[in-house]
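# Structure at a glance
So you can see what is in the structure, the chains are spelled out below.
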Amino acid sequence: MDLGHPILLDGDTCADQLFDDLQKRAAALVARGTIPKIVTILVGDDPASSAYVGRKHDTCARLGVASEDTRLPYAVDQDTLLGLIHSHNVDPAVDGILVQLPLPQHLDPVAISAAIDPRKDVDGLHPVNLGKLMMGTPDIMPCTPAGIVHLLRHYRIPLAGQRVAIVGRGMLVGRPLAMLLSLKGIDAQVSLLHQACDPIGDTLRSADIVISAAGQPDLIDASMIRAGACVVGVGISYDTAGKMVSDIADDVVRVAGAVTPRHGSVGALTRAKLMENLIQIASRRASISPKDAPQ
Ligand code: GUN
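Here goes a summary of the coordinates provided.

### What about the overall build of the protein chain?
For the protein chain, the helix and strand inventory stands at nine helices and 11 strands. Taken over the C-alpha atoms alone, the protein chain extends approximately 60 × 40 × 35 Å along its principal axes. Looking at the protein chain as a whole, 47% of its 295 residues are labelled buried. Summed over all atoms, the accessible surface of the protein chain reaches about 13500 Å², with 56% contributed by carbon and sulfur.

Below is the structure:
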């Protein structure tokens, strides 16, 4: 069935609007003597991760906030990384610390996320911040889930009582997004699907909103989508030629009522939410006395 053109959920334009506001908030902080500062740490030289981190620093430059880009060799040991995180935890000029994921196998991502001072957890991925989200009292929010909810709200996609199927239970997107969408006040009816749910088509076909963060090429096709449903593709993977492939197959546009573009739909919003977190943390630094500042 071809329903004509679906609404395009344009994350880039949506993020640009947020950037305009964030730029003003950053300038106001700078004028009061607080320069928001983020430190990123990238272990190894994976080209995709390197590109993501590079874009984060470009965004910092655009907003006029300070950023430090630390690159460590692939073989760096965990104690060295933990020591570096600690040095930023105690540096009063650093507001946000981000360790780019995924990490090499020999490093423990949970121990490393947990080593960041939760008050400087600009990613919202520290166990304390994920725990607050889980308990229904969110503080610093995970960036991609927050970006997705912003996108849906921007396009006035109803969420309360709606059946939302999330595909992928990863710690960066799927799992925290399920928590976020089921919060009181958002009130979506969430199904969290993963590799052990097979087939996924029946659940997806009854969903009002499908959000895929699986990283499996063309996992979701038109046969799995209810006519008029909203489809958000976050997961990407790379084919053997190195070309980026979405979780969402091309034919989905024939049935969806609203859909993200095949590439680059949520990345800018993730960065916007990262900057929102940074400015929120720096605002706290600006409004507290030095003796109460994060150590
Ligand atoms: N890798 C892919 N996305 C993210 C993100 O939002 N934060 C971190 N730390 N790593 C990532």
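Next comes the rest of the account.
### A few points about the packing of helix α1 (residues 11–31) against helix α9 (residues 267–287)
The angle between the axes and the distance between the axes are what describe a pair of packed helices. It is at 9 Å that the axes of α1 and α9 come closest, and there the two elements cross at 20°. Between α1 and α9, the angle falls in the class roughly parallel. For α1 against α9, the interelement crossing comes out left-handed. Residues Gly-11, Asp-12, Cys-14, Ala-15, Leu-18, Phe-19, Leu-22, Arg-25, Ala-26 and Leu-29 of α1 form the contact with α9, whose own contacting residues are Ala-268, Leu-269, Arg-271, Ala-272, Lys-273, Met-275, Glu-276, Ile-279, Gln-280, Ala-282, Ser-283 and Ala-286. For the contact of α1 with α9, a count of residues per class yields 14 nonpolar, three polar and five charged.

### Overview of α1
Here α1 spans 30 Å end to end across 21 residues, near enough to the 30 Å set by a 1.5 Å rise per residue. Restricting attention to buried positions, one finds in α1 the residues Gly-11, Cys-14, Ala-15, Leu-18, Phe-19, Leu-22, Ala-26 and Leu-29. All buried residues of α1 project into a common sector of 135° when viewed along the axis, lining one side. Facing away from the buried surface of α1 by more than 90 degrees, the exposed residues are Lys-24 and Ala-31. Those residues of α1 hidden inside the fold are in contact with α2 (47–63), α6 (143–154) and α9. Two or three places before Asp-12, at the start of α1, stands the capping residue Asp-10, its side-chain oxygen 3.1 Å from that residue's backbone nitrogen. Where α1 terminates, the next one or two residues include Gly-33, which has phi positive at roughly 95°.

### Quick notes on the sheet that holds strand β6 (residues 189–193)
Backbone-to-backbone hydrogen bonds pair the strands of a sheet. The strands run either parallel or antiparallel. Read across the open sheet, the six strands follow the order β1-β11-β8-β7-β5-β6; overall the sheet is parallel. If you trace the sheet from one side to the other, it starts and ends with β1 (7–8) and β6, each paired once. Here β1 pairs with strand β11 (residues 258–259) via two bridges, running parallel. Following the sheet pairing, Ile-7 is matched in β11 by Ala-258.

### Notes on the pattern of salt bridges
According to the stated counting rule, one finds 13 salt bridges in the structure shown. Among the ionic contacts, a cluster of salt bridges with common partners joins Lys-132, Asp-139 and Arg-284.

### Details of the site of the ligand
Contacts to the ligand come from Leu-98, Val-99, Gln-100, Leu-101, Asp-123 and Leu-172. A distance of 3.1 Å separates a nitrogen atom of the ligand from a polar atom in the side chain of Gln-100. Between Asp-123 and the ligand, the recorded distance is 2.5 Å, taken from a side-chain N or O atom to a nitrogen atom. A total of 280 Å² of accessible area belongs to the ligand in isolation, and the protein chains cover 86% of it.

What counts and how
Residues numbered from 1 in each chain as written. Predicted model: local features only at pLDDT ≥ 70, side-chain atom pairs only at ≥ 80, totals over all residues. Heavy atoms only, no water. Helix = DSSP H or I, 4+ residues; strand = E, 2+ residues; numbered from the N terminus. Buried < 20%, exposed > 50% of the residue type's maximum accessible area, 1.4 Å probe, protein only. Areas by Shrake-Rupley, 256 points an atom, 1.4 Å probe, with all protein chains shown as cover. Axes fitted to C-alpha atoms, helices over the stretch in contact; angles between N-to-C directions. Parallel < 35°, antiparallel > 145°, perpendicular 65-115°, else oblique. Left-handed = near helix turned anticlockwise from the far one by under 90°. Contact = heavy atoms within 4.5 Å. Nonpolar A, V, L, I, M, F, W, Y, C, P; charged D, E, K, R; others polar. Expected span 1.5 Å × (residues − 1). Arc of directions from axis to C-beta. Polar contact = N/O pair within 3.5 Å; in protein donor to acceptor, adjacent residues only side chain to side chain. Pairing = 2+ DSSP bridges. Salt bridge = Lys/Arg side-chain N within 4 Å of Asp/Glu carboxyl O. Near = heavy atom within 4 Å.

Keep in mind these values describe shape, not function.
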